[in-house]
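Examining the three-dimensional arrangement
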Amino acid sequence: MKAITSSILMLACAAAYAAEPATIAVKAAHMVDVRNGTLVDNAVVLISGERITAAGSQLAIPAGAQVIDLGNKTLLPGLIDSHTHITGAPEDAGYSIIAKSVPRITLMGAKNALVTLRAGFTTIRDVGADAYTDIGLRDAINDGDVPGPRILASGPPLGITGGHCDDTMHAPEYKLTALGVADGVDEALKVTRRNIKYGADVIKICATGGVLSFGDDPRTSQYTLEELKAIISDAHRLGRKTAAHAHGGDGIKLSVLAGIDSIEHGSYIDDEGIKLMKEHKTYLVPTLYIGDWLLENAEAIKLPKPLLEKAKVVMPIARANIAKAIKAGVPIAFGTDAAVYPHGLNAHEFAVLVKLGMTPAQAIRTATVNAADLLGWSDKVGSIEAGKFADLIAVDGEPLKDVKTLESVQWVMKGGAVVK
């Protein structure tokens, strides 16, 4: 009997030992400490399963560990894009989107997800996808069906009838309205709760008109303060953060006063808006590289003329105003509006932030610790520290001197698995 018991214990111990994940040691010449904006030389990151167990200079590597030696490369935490439309594409800014079915859009999103991951963005916040396609894609990635970044998804954004987040490309006889349209407090609460019912991680609100939509003005507010307060307070009560598409000054201020977590775009932000955002510690998520790509490629993607004319007016103004906000110390989180330009070019945003007054270290922080804080995931992503997900990237060169090195990510790991 003792022999049998002893054998059972030995087998149990052997099984438990076998189940322990092997240690991985990633070595590189340098590692960026994103909090301090400094380089750590002779970097070693130790990983067990999906998580980092230790990180630093010249750490002892345990016997039997799998070593990944990246030579002279520089390690950074996986980057975070706080404003994507992962199931969209540049040509969708025009009428071609009408011919695309939901299954087709979702499959395109799977392609975009892989491109985004391989570009070094291991986490994204998707802020607006019709028919819950971003939520479906998020779940497929989480289940291991398709590769892609970690996604916090919003589903259909809330907007007013005829506003930026409503469908205004069809003739009236079709009687088509976007899924997230909600007018008045009662409807807005219902749609907020419906989005949460179907899996939304974050509630996206269209608080002003937009650039790539017909018949509205980016400067004008679209929801009242009462409506915004109802949406935001209910979302917060139900454990979700909120993001407001807001170009115009009034829409920015109303959203901040209503308790929004982030302002997306912020093109017409003024001194009062800057003051309010600093007081409320509201994040600004500027999306600036689109100003270069869209104007250069408008003809190729057949961007309708009314939308192009709006873009020509808004985008230069946005850069001047965002530069003022950066100088004033408004909290900034990295976002791109990827889908307005091709997915995978996300890192081109860094150079624009530097051009508008940030140091490379500050720009990198927007896509790491700042973005993680905005998402409520500071305990999971955004830095190379023990306990965080083993989401790492490596580049050639020195990103603290030249952020354009981030446009050519050479190696990517997500959750302890090498994906590039």
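Read on for a plain summary of the structure. (Residues numbered from 1 in each chain as written. Predicted model: local features only at pLDDT ≥ 70, side-chain atom pairs only at ≥ 80, totals over all residues. Heavy atoms only, no water.)

To continue, consider the layout of surface pockets. When its volume is computed, the second largest pocket comes out at roughly 290 Å³. Glu-50, Ile-141, Asn-142, Arg-150 and Lys-414 are, among the 16 residues lining the second largest pocket, the residues nearest its centre. Residues of the lining of the second largest pocket, tallied by class, amount to nine nonpolar, three polar and four charged. (1 Å grid on protein atoms, 1.4 Å probe; cavity = no way out; pocket = protein on both sides within 12 Å on 5 of 7 lines; lining within 4 Å. Points joined across faces, edges and corners; volume = space filled by probe spheres on them. Nonpolar A, V, L, I, M, F, W, Y, C, P; charged D, E, K, R; others polar.)

With that settled, consider the pairing of strand β6 (residues 79–84). Along a regular strand, successive side chains alternate from one face of the sheet to the other. Counting buried positions along β6 yields six of six residues, so the element is predominantly enclosed. The pairing of β6 with strand β7 (residues 121–126) spans four bridges and is parallel. If you follow Asp-81 over to β7, its bridge partner there is Ile-124. Crossover connection from β6 via helix α2 (residues 102–118) to parallel β7: handedness right-handed. (Buried < 20%, exposed > 50% of the residue type's maximum accessible area, 1.4 Å probe, protein only. Helix = DSSP H or I, 4+ residues; strand = E, 2+ residues; numbered from the N terminus. Pairing = 2+ DSSP bridges. Right-handed = clockwise from strand over helix to strand, strands pointing away.)

On to helix α3 (residues 133–142). Judged by how many residues are buried, α3 sits mostly within the fold: seven of ten residues are covered. Tucked inside the fold, the buried residues of α3 contact α2, β7, β8 (150–153) and β14 (411–414). (Contact = heavy atoms within 4.5 Å.)

Because the α-helix completes a turn every 3.6 residues, residues three or four places apart line up on one side. A rise of 1.5 Å per residue sets the reference length of helix α5 (residues 225–237), with its 13 residues, at 18 Å; its end C-alpha atoms lie 18 Å apart and thus fit the reference within 8%. The complete set of buried residues in α5 reads Glu-227, Leu-228, Ala-230, Ile-231, Ile-232, Asp-234 and Ala-235. Residues of α5 that are buried make contact with α4 (184–197), β9 (202–206), β10 (241–246) and α6 (249–258). Of the residues flanking the end of α5, it is Gly-239, one or two places downstream, whose phi is positive at about 85 degrees. (Expected span 1.5 Å × (residues − 1).)

Attention now moves to the packing of α5 against α6. Packed helices, taken two at a time, are described by the angle their axes make and the gap between the axes. Running from amino to carboxyl end, α5 crosses α6 at an angle of 45 degrees, the nearest separation of the two axes being 9 Å. In terms of their interaxial angle, α5 and α6 are classed as oblique. The two elements α5 and α6 meet at a crossing, and its hand is right-handed. Side by side, α5 and α6 meet where Leu-225, Leu-228, Lys-229 and Ile-232 of the first sit next to Leu-254, Ser-255, Leu-257 and Ala-258 of the second. (Axes fitted to C-alpha atoms, helices over the stretch in contact; angles between N-to-C directions. Parallel < 35°, antiparallel > 145°, perpendicular 65-115°, else oblique. Left-handed = near helix turned anticlockwise from the far one by under 90°.)

A few words on the state of the cysteines. If you walk through the whole model with that rule in mind, you get one disulfide. Here Cys-165 connects covalently by a disulfide to Cys-206, the sulfurs 1.6 Å from one another. Of this pair, Cys-165 sits in the loop between β8 and α4 while Cys-206 is found in strand β9, placing the two residues 41 residues apart along the sequence. By the burial criterion, Cys-165 is buried, and Cys-206 matches it. (Disulfide = S-S within 2.5 Å.)

This brings us to the environment of Leu-276. Tracing the backbone shows Leu-276 in helix α7 (residues 271–280). Here Leu-276 falls in the buried class, since its relative accessible area comes to 12%. Along the primary structure Leu-276 and Val-256 are separated by 20 residues, whereas in three dimensions their C-alpha atoms are 7.0 Å apart. When residues no more than four places from it in sequence are discounted, the contact partners of Leu-276 are Lys-253, Val-256 and Leu-257.

The parallel open sheet is built from three strands, whose spatial order is β6-β7-β8. The sheet is open, and its two borders are formed by β6 and β8, each paired with just one other strand. Ignoring strand direction, the axes of neighbouring strands in this sheet form an average angle of 15 degrees. Sheet strands in contact with α3 are β7 and β8, and its direction is about 150 degrees off that of β8.

What follows is about the nonpolar core. Residues Ile-263 and Phe-350 are the most contacted members of the largest nonpolar core, which totals 86 residues. No other element matches the eight residues that helix α9 (residues 305–328) contributes to this core. Discounting residues that sit within four places of it in the chain, Phe-350 has contacts with Leu-79, Phe-121, Phe-334, Ala-363, Ile-364, Ala-367, Val-403 and Leu-406. In this structure, Ile-47, Leu-70, Leu-392 and Met-413 belong to the second largest nonpolar core, which totals 17 residues. (Core = buried A, V, L, I, M, F, W, Y, C linked by side-chain atoms within 4.5 Å.)

Without other data, these values stay purely geometric and don't point to any function.
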